[in-house]
Amino acid sequence: MATLDVQVVLDRLHGDRAFLGELYETFLEDFERRMSRMTADFSSGDREALARQAHSLKGAAATIGATELHLAAASLDALCRNRQEDEIPGQWGKVVHAAQDARDAMLAWLAEERAAAGSPANS
């Protein structure tokens, strides 16, 4: 499974690469704040807040084509809502890993887009 399913999102956006870049940039602008808040909720044991944040992350991840992150956040949301305490720490680790992978993939995609925009073939 790809970290980012860029083509699926581009298909939804009718090939608008600039808008996809804006979506990625918006997600990345919020990334550190969102992950810090989720870490605090996880560490404090506030499962209701963590479920809300996981639910929000699930939707954002689906929008940007981050399938692994979407699935990890959806599972964390369900585990928190169902109070499955034994499984939450492991799933939290999966969310953190998938979030970092998605972040790295978005940064790489944005760098490639910027490089392509600046290449002589596109001038």
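Structure's up top.
The rules behind each value
Residues numbered from 1 in each chain as written. Predicted model: local features only at pLDDT ≥ 70, side-chain atom pairs only at ≥ 80, totals over all residues. Heavy atoms only, no water. Phe/Tyr/Trp six-rings, centres within 6.5 Å; stacked < 30°, edge-to-face > 60°. Helix = DSSP H or I, 4+ residues; strand = E, 2+ residues; numbered from the N terminus. Buried < 20%, exposed > 50% of the residue type's maximum accessible area, 1.4 Å probe, protein only. Axes fitted to C-alpha atoms, helices over the stretch in contact; angles between N-to-C directions. Parallel < 35°, antiparallel > 145°, perpendicular 65-115°, else oblique. Left-handed = near helix turned anticlockwise from the far one by under 90°. Nonpolar A, V, L, I, M, F, W, Y, C, P; charged D, E, K, R; others polar. Contact = heavy atoms within 4.5 Å.

Before going further, it helps to spend a moment on the packing of aromatic side chains. Following the criterion strictly, the structure yields 3 aromatic pairs and no others. Seen from their ring centres, Phe-27 and Phe-31 are 6.3 Å apart, and the 45 degrees between their planes marks the pair as tilted. A residue pair is termed a helical-turn pair when its members lie 3 or 4 positions apart in one helix, as Phe-27 and Phe-31 do in helix H2 (residues 17-44) at 4 residues. Exposure class is identical for Phe-27 and Phe-31. Each is buried. Ring geometry for Phe-42 and Trp-92: centres 5.4 Å apart, planes at 15 degrees, overall stacked.

Two numbers describe how H2 lies on helix H5 (residues 88-118): the axes approach to 10 Å, and their chain directions differ by 150 degrees. Our classification of the angle between H2 and H5 gives roughly antiparallel. Our pair here, H2 against H5, has a crossing hand that is left-handed. Class assignment of the residues belonging to the contact of H2 with H5 gives a composition of 18 nonpolar, 3 polar and 6 charged.

On to the packing of H2 against helix H3 (residues 47-64). Two packed helices can be described by the angle between their axes and the distance between those axes. In contact at an axis separation of 10 Å, H2 and H3 are set at 160 degrees when each is read in the N-to-C sense. On the basis of the axis angle, H2 is roughly antiparallel to H3. The handedness of the crossing between H2 and H3 comes out as left-handed. Side by side, H2 and H3 meet where Leu-23, Tyr-24, Phe-27, Arg-34, Arg-37, Met-38, Asp-41 and Phe-42 of the first sit next to Arg-47, Ala-49, Leu-50, Gln-53, Ala-54, Ser-56, Leu-57, Ala-60 and Ile-64 of the second. For the contact of H2 with H3, the residue count by class is 11 nonpolar, 2 polar and 4 charged.

Functional significance is not addressed by these values, which are geometric in nature.
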